[in-house]
Amino acid sequence: MSKSKSRSGSNRDRSIPRRPLLWLAAALLFTLPPMFASLVIWVPCLFLLALGIEFWMEPRGYRLRFATLKLMLAAAALFAIFASYGSLKGVEPAVSLLVVLMSLKILEARTAREFQVMVLIGWVLCLCGFILSQDFEIALCLLTAFTLLLVALIQFHRGSSPGALWPPLGATCKLLVQAAPLIILFFIFFPRINAPFRFEFRAIRSPSTGFSDRLSPGSIAALASSSDIAFRAEFPDNKMRPPSPMYWRGEVMWHCDGMDWQAPYAAA
């Protein structure tokens, strides 16, 4: 009994082999495109930096060990997210916080349990990517990330014996093919509710004055209820035209991704 317990404990706490770690890093790279498109730029850059530092630390046996340092880094990241968004409420600050915590987990992970936690967080990041963007290119990237995370998990449990590169890929493809009929059935028969109820994901980034390059349902109503000054106009030589023929034109938005409208380019 004691031998079986010690074996299971050593199996659970063994270090992470390099090949599953490479698959995991490749998967996490494919979760970056929606981050660069929707989050503040330093968040995905920090994520990339953490991956690079991990592959520098891993051969040398280094890792982020001290709990005090982890808490200080987490507090600094929380403050930076609040400073970047002006609030901690909303989808984008929450996803940014998840990405930062994943970056810290990458720097401290050394055991099998931590590897499995990173794979699960990677799948959550795939879901968050679909919340941030529904573009077809982003969907392909996130599908690739989902597949590579599954490959990493299978590779980890199979071990890193010589010639073990293709069996995890084959097992992953087999699992995806087996799941495809169920996904198609869910897509066809899952009830679609055609009601006006919807979630507003981008309220946190909506402007308090003026117009941004993105227009979502409810943003104009929130802007109209504000008593702040929207803009100021100056007339050359103080010659003001009669107000009746004048009108003010904002940005023209003609690209719709299903959730909101976006201008094709920033106004000059």
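Relevant structure appears above.
Cut-offs applied
- Along each chain, residue indices are assigned from 1 in the same order as the chain's sequence is written.
- Confidence filtering applies because this is a predicted model: local features only for residues at pLDDT of at least 70, side-chain atom pairs given and counted only at 80 or more, and all residues used for totals across whole chains, interfaces and linings.
- Neither water nor hydrogens contribute to the side-chain values; these are computed over all heavy atoms in the structure.
- Note on aromatic pairs: the rings of Phe, Tyr and Trp (six-membered ring only in Trp) are paired at centre separations within 6.5 Å, and the planes decide the class, stacked below 30 degrees, edge-to-face beyond 60, tilted for the rest.
- The numbering of helices and of strands both runs from the N terminus, where a helix is a DSSP run of H or I of at least 4 residues and a strand a run of E of at least 2.
- The cut-offs for exposure are 20% and 50% of the maximum accessible area for each residue type, with area from a 1.4 Å probe on protein chains only; residues under the lower value are buried, those over the upper are exposed, and the others partly exposed.
- Note on geometry: axes are C-alpha line fits, over the in-contact stretch for helices, and angles between N-to-C directions span 0 to 180 degrees.
- In what follows, roughly perpendicular refers to angles from 65 to 115 degrees, roughly parallel to angles under 35, roughly antiparallel to angles over 145, and oblique to any angle outside these ranges.
- Note on convention: the crossing is left-handed when the near helix lies turned anticlockwise from the far helix by less than a right angle, right-handed when the turn is clockwise.
- Contacts are residue-level and defined by heavy atoms, with any inter-residue pair within 4.5 Å sufficient.
- In this classification, Asp, Glu, Lys and Arg are treated as charged, Ala, Val, Leu, Ile, Met, Phe, Trp, Tyr, Cys and Pro as nonpolar, and every other residue, Gly included, as polar.
- Take a side-chain nitrogen of Lys or Arg and a carboxyl oxygen of Asp or Glu: if they are within 4 Å of each other, that pair is a salt bridge.
- The definition of a polar contact used here is a pair of N or O atoms within 3.5 Å, where within protein one atom must be able to donate a hydrogen and the other to accept one, and adjacent residues in sequence count solely through side-chain atom pairs.
- Patch membership requires over 30% relative accessible area and the absence of a salt bridge. Like charges are linked within 9 Å, and nonpolar side chains (Val, Leu, Ile, Met, Phe, Trp, Tyr) within 5 Å.
- Surface accessibility in these figures is a Shrake-Rupley result with a 1.4 Å probe; residues are shielded only by whichever protein chains are displayed.

Bringing the packing of aromatic side chains into the picture now. In this structure the tally under the stated criterion is 2 aromatic pairs. Relative to Phe 156, the ring of Phe 115 lies with its centre 4.8 Å away and its plane at 25°, an arrangement referred to as stacked. Of this pair, Phe 115 sits in helix 7 (residues 112-132) while Phe 156 sits in helix 8 (residues 136-158), placing them 41 residues apart in sequence. When its relative accessible area of 0% is taken as the criterion, Phe 115 is described as buried.

Where helix 5 (residues 67-85) contacts helix 6 (residues 91-108), the two axes come as close as 10 Å, and the packing angle between them is 155°. By the angle between their directions, the pair helix 5 and helix 6 is classed as roughly antiparallel. Classified by chirality, the crossing of helix 6 by helix 5 is right-handed. Across the interface between the two elements, Lys 70, Leu 73, Ala 74, Ala 77, Leu 78, Ile 81 and Tyr 85 of helix 5 pack against Glu 92, Pro 93, Ser 96, Leu 97, Val 100, Leu 104 and Glu 108 of helix 6. For the contact of helix 5 with helix 6, a count of residues per class yields 10 nonpolar, 1 polar and 3 charged.

The subject of this paragraph is the pattern of salt bridges. Where charged atoms of side chains with opposite charge meet at close range, the side chains can pair. Tallied over the full model, the rule gives 1 salt bridge. Note that Lys 105 and Glu 108 form a salt bridge whose closest N and O atoms lie 2.8 Å from each other. Of this pair, Lys 105 and Glu 108 both sit in helix 6, 3 residues apart, roughly one helical turn. In this pair, the class of Lys 105 matches that of Glu 108, namely buried.

Now for the side chain of Thr 147. Mapped onto the elements, Thr 147 comes out in helix 8. At 2.9 Å, the side chain of Thr 147 forms a polar contact with the backbone oxygen of Leu 143. Setting aside residues up to four positions removed in sequence, Thr 147 forms contacts with Thr 172 and Leu 176.

You can see Met 102 is positioned in helix 6. Sequence-wise, Met 102 and Ile 121 are 19 residues apart; in three dimensions their C-alpha atoms are separated by 7.2 Å. Other than its neighbours up to four places away in sequence, Met 102 contacts Leu 28, Phe 47, Met 118, Ile 121, Gly 122 and Leu 125.

Moving on, we come to a nonpolar patch on the surface. Taken together, the side chains of Leu 29, Phe 30, Phe 36, Ile 41 and Leu 48 make up a nonpolar region of the molecular surface, amounting to roughly 430 Å² of accessible area. Following the sequence through the fold, Ile 41 ends up in the loop between helix 3 (32-38) and helix 4 (42-57).

Looking now at the packing of helix 8 against helix 9 (residues 166-189). For any two helices packed against each other, one specifies the inter-axial angle together with the distance between the axes. It is at 9 Å that the axes of helix 8 and helix 9 come closest, and there the two elements cross at 125°. Taken together, the axis directions place helix 8 and helix 9 in an arrangement best described as oblique. As for the relative orientation of helix 8 and helix 9, their crossing is right-handed in sense. Contact with helix 8, carried on its side by Phe 146, Thr 147, Leu 150, Val 151, Ile 154, Gln 155 and Arg 158, involves Pro 167, Pro 168, Leu 169, Ala 171, Thr 172, Leu 175 and Leu 176 of helix 9 and no other residues of that element. Across the contact of helix 8 with helix 9, the residue classes break down as 10 nonpolar, 3 polar and 1 charged.

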